[in-house]
Amino acid sequence: MRGTAHLLYCSAAVWTAMATPAFAQAVDDEAETATQDSAADTNDGSIVVTARRREERLADVPSAASVIDAASLYDRGGATGSGELLADQPSVRFNNLNSSITSEISIRASSTARATNGDPSIGLYRNGAYIGGGAIGGRNFTRLDFLDIGRVEVLRGTQGALYGRNAVGGAINIISAAPEFDLSGWGSVRYTFENNALQVQGAVNVPVADGLAFRLSGELVEQDDGFFYNPDNDVYFDQQKGHGLRGQLRLNRGPVDLTIMAETQSFTVPTIHYQIFIPAGTPGFPGGYAQDRFNYPWNTAPRATQDVDGLQALLKIDLGGAELSGTTSYRRRHSEYDLDNDAISPAELARARAAGQIGAATPLDPSSASFIVDTTDIFSQDLHISGKSGRLTWLAGADAYILDSDFSVTTTRTPTPANPSPGNIAPARLNFESYAAYGSLGYDLTDSLNLTGELRYTRDSRTITARLFDLATLLPTGGPSRIIDDSITADNLSYNATLAYKVTPDILAYGKVGSSYRAGGFNTRLSDPRAPRPVEVLFGNEKSTSYELGFKGSPVRRGYFAIAGYFTKLEDLIAQVDDGCALTNAACPVAAVAYLTNAGDAESWGIEAEYSQGFDLGDGSGRLALSGSHQGGEVKSGRFVGLDLAQVPDWLASANLNLRYPVSRDVTLISNVLVNGQWGGKQELTATSVDLDDYVLVNLRLGVDVGGFSISAFANNVFDKVYFVAQAPTINRYSQPRVFGVEARARF
């Protein structure tokens, strides 16, 4: 059935391309084929990007933007997750909750939704199509998105005028490597020892006819072991296994450049895991109770899966004095995960009670668990036309985004005489429709001075239906508060105004002011009836206005720099809070339910810088890339006034050094060192919040390249730094320890 479904998707992609008049902008061939070159002479500002929805050099974009090109990714060993991909980007933080389904990216102090069904605070794009949203799994990229990357455009700062909803902190556009018109390909086999993980990836590019090419990309992962173990079910929380596959057909003849794509993913992914840590003397826990850092006695077997099926059609038509571009995209994302609400098995609870760690009357239910399922369908269509005439540059476009998400949470419990119910199931259906028209107009006031304005009008409509049913009787339960039928309709007008000045032919200075919004919505995972702060169903849009000054350019050969400062005012900040339940709360002794609320007005600010320099090393070459940022934020009104914004490190920094040194005509030594770290900041929006954990991580790769074949040894997290990725009153989440591995690659 799976193979049949994939063939149907491929056929549908061809039909869509034939039937739909507008598709996405094709990406730059040279940038996407860079996997065969060293990164030593790239990233100097000359790379062509589509940051403003038209092709232009990175150095000419008057905004804080960065590019991760294929060559840079190749040199450091690629990326299979957001944390790896974005480790060297200024002002960008990956909020790691151990599972790709619930983890999240933030940029420039933008707030996070994390383990809720809210939208992210940045725009998530694949080949120009927005892919975020939905109940779970919609605040992060999926593993399929990291397969066979051409380049990644990271846009920092408010992007609402051109990119629309949720681009409050910025936008990230992952652009897949496109079909090329020569026979080529690559393959890699990687094995890591500590977690017994095997990864096989590859791509082949086949010219079919004049101006017609096909590209097939795929990966297979087998990892049954890991670092975080569940002994009760003999399974690792961080296991991974599955496959991803992508097929693309590209036609480039005359003025038409058309790419159609079908892709699929079926993966078991790491699931949520955490250690219970309760100090002695805590009410109900006289002796204190602390689990091992890496072994968690859950009787509910940990499990998480994520399947993705997608279709895209990408088109660019040269109209002479203008260019027509469009993106048609359909994506189905199915995500599931299982959670032990009390994080303890009956046998372990009995042992801890006998040892005096947990009180005999402490009301813990080892049968309490949650099973979360979400199927989200997203259709999006973008169409825009751009051109340049004399001193005038213009763009006009429209887009549509339609999302349907079916979501359910099943919660189990131990029946008692007082309450014979074995639990309940809370299904919900979310529909989101958004339509927008946008455009930009730029004018060269002089040969060195440009003024550009951007504007977008958006109309959003959201509806929600949610119920609660008893698992035994399947009858409605919970009373009127568990019957939710609600809707939101909102309009938004976002703008951006930029003044850019060429200080010298190689240095650009700019100032800009812009606005954006993050879509409001509904909390559908409702609280335990005993919760002291029950989940609020509705939360409204967050709006922002941001001011930015920056300089960027290439003042020296093979060098590139960018520096920017910003200040952002946030209205009706969307923030994550919880319902007050906890294992130590006798009134509600289950895991807390996180939800979103409007927390008042806030401000954020920061400064960021990046510099990269290519250099010669005898007969070899190298490139050093440095980045750093300082940021902060504070709530200025409402019940959280005076609190620091959550999940915002005071400092972020990285250094990436790549070296290539030939020892003979066909033999080259290769090495890469990547260092990144964070310092300071608060974890939650509470007066008692713990600090974010400081860390410095070092990845090292050494190898040899012989013609088209290379073999490397690598160590990720060389110094075995294990830090807290999250802490709560009774819960600790830890990072992954050190990993050693080897990788062989071939290309032709």
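Provided above is the structure to which this section pertains.
Chains are numbered independently. Their residues run from 1 in the order of the written sequence. Given that this is a predicted model, residues contribute local features only at a pLDDT of at least 70 and side-chain atom pairs are listed and counted only at 80 or more, while totals for whole chains, interfaces and linings are drawn from all residues. By convention in this description, side-chain values take in all heavy atoms of the structure and omit both hydrogens and water.

Enquirer: Explain the environment of Ser612 here, please?
Expert: Put simply, DSSP H or I for four residues or longer makes a helix, DSSP E for two residues or longer makes a strand, and each gets a number counted from the N terminus. Locating Ser612 in the fold gives a position in strand S34 (residues 602–617). Each residue is placed in one exposure class: buried if its accessible area under a 1.4 Å probe, protein chains only, is under 20% of its type's maximum, exposed if it is over 50%, and partly exposed if it falls in between. Judged by its relative accessible area of 7%, Ser612 falls in the buried class. Sequence separation between Ser612 and Gln381 is 231 residues, and the spatial gap between their C-alpha atoms is 36 Å. Counting of polar contacts relies on pairs of N or O atoms within 3.5 Å, with two restrictions inside protein: one atom must be capable of donating a hydrogen and the other of accepting it, and residues adjacent in sequence are counted only when both atoms are side-chain atoms. In this structure the side chain of Ser612 is engaged in a polar contact, spanning 3.1 Å, whose partner is the side chain of Arg623.

Enquirer: Please clarify how the sheet that holds strand S18 (residues 289–290) should be interpreted in this entry.
Expert: Pairing between the strands of a sheet is mediated by backbone hydrogen bonds and can be parallel or antiparallel. Pairing is antiparallel across the open sheet formed by four strands, whose spatial order is S18-S17-S41-S40. What marks the edges here is a single partner per strand, and that holds for S18 and strand S40 (724–727). Note on pairing: two strands pair once DSSP finds at least 2 bridges between them. For S40 and strand S41 (residues 731–734), the ladder comprises three bridges, and the chain directions are antiparallel. When the sheet's bridge partners are listed, Gln727 is paired in S41 with Asn732.

Enquirer: So what exactly am I meant to see when it comes to the packing of aromatic side chains here?
Expert: Geometrically, a pair of aromatic rings is defined through the distance of the ring centres and the angle of the planes. Paired rings are identified among Phe, Tyr and Trp, the last through its six-membered ring, by centres lying within 6.5 Å, and are further divided according to the angle between planes into stacked (under 30 degrees), edge-to-face (over 60) and tilted (the rest). Throughout the structure, instances matching the rule amount to 15 aromatic pairs. For the pair Phe228 and Phe294, a centre-to-centre distance of 5.3 Å together with 50° between the ring planes defines the contact as tilted. With a gap of 66 residues between them, Phe228 in the loop between strand S12 (212–223) and strand S13 (229–230) and Phe294 in the loop between S18 and strand S19 (303–318) connect regions that are remote in the sequence. Of the residues examined, Phe294 reaches a relative accessible area of 18% and is grouped as buried. Centroid distance Tyr401 to Phe432: 5.6 Å. Interplanar angle 75°. Geometry classified as edge-to-face.

Enquirer: How should the sheet that holds strand S9 (residues 170–176) be read in this particular structure?
Expert: The mixed open sheet is built from five strands, whose spatial order is S3-S8-S9-S6-S7. Edge strands, defined here as strands with exactly one partner in the open sheet, are strand S3 (64–69) and strand S7 (129–130). Here strand S8 (residues 149–156) runs beside S9; their pairing, made up of seven bridges, is antiparallel. Of the residues in S9, the one forming a bridge with Ile149 is Ser176.

Function cannot be inferred from these measures alone, as they are strictly geometric.
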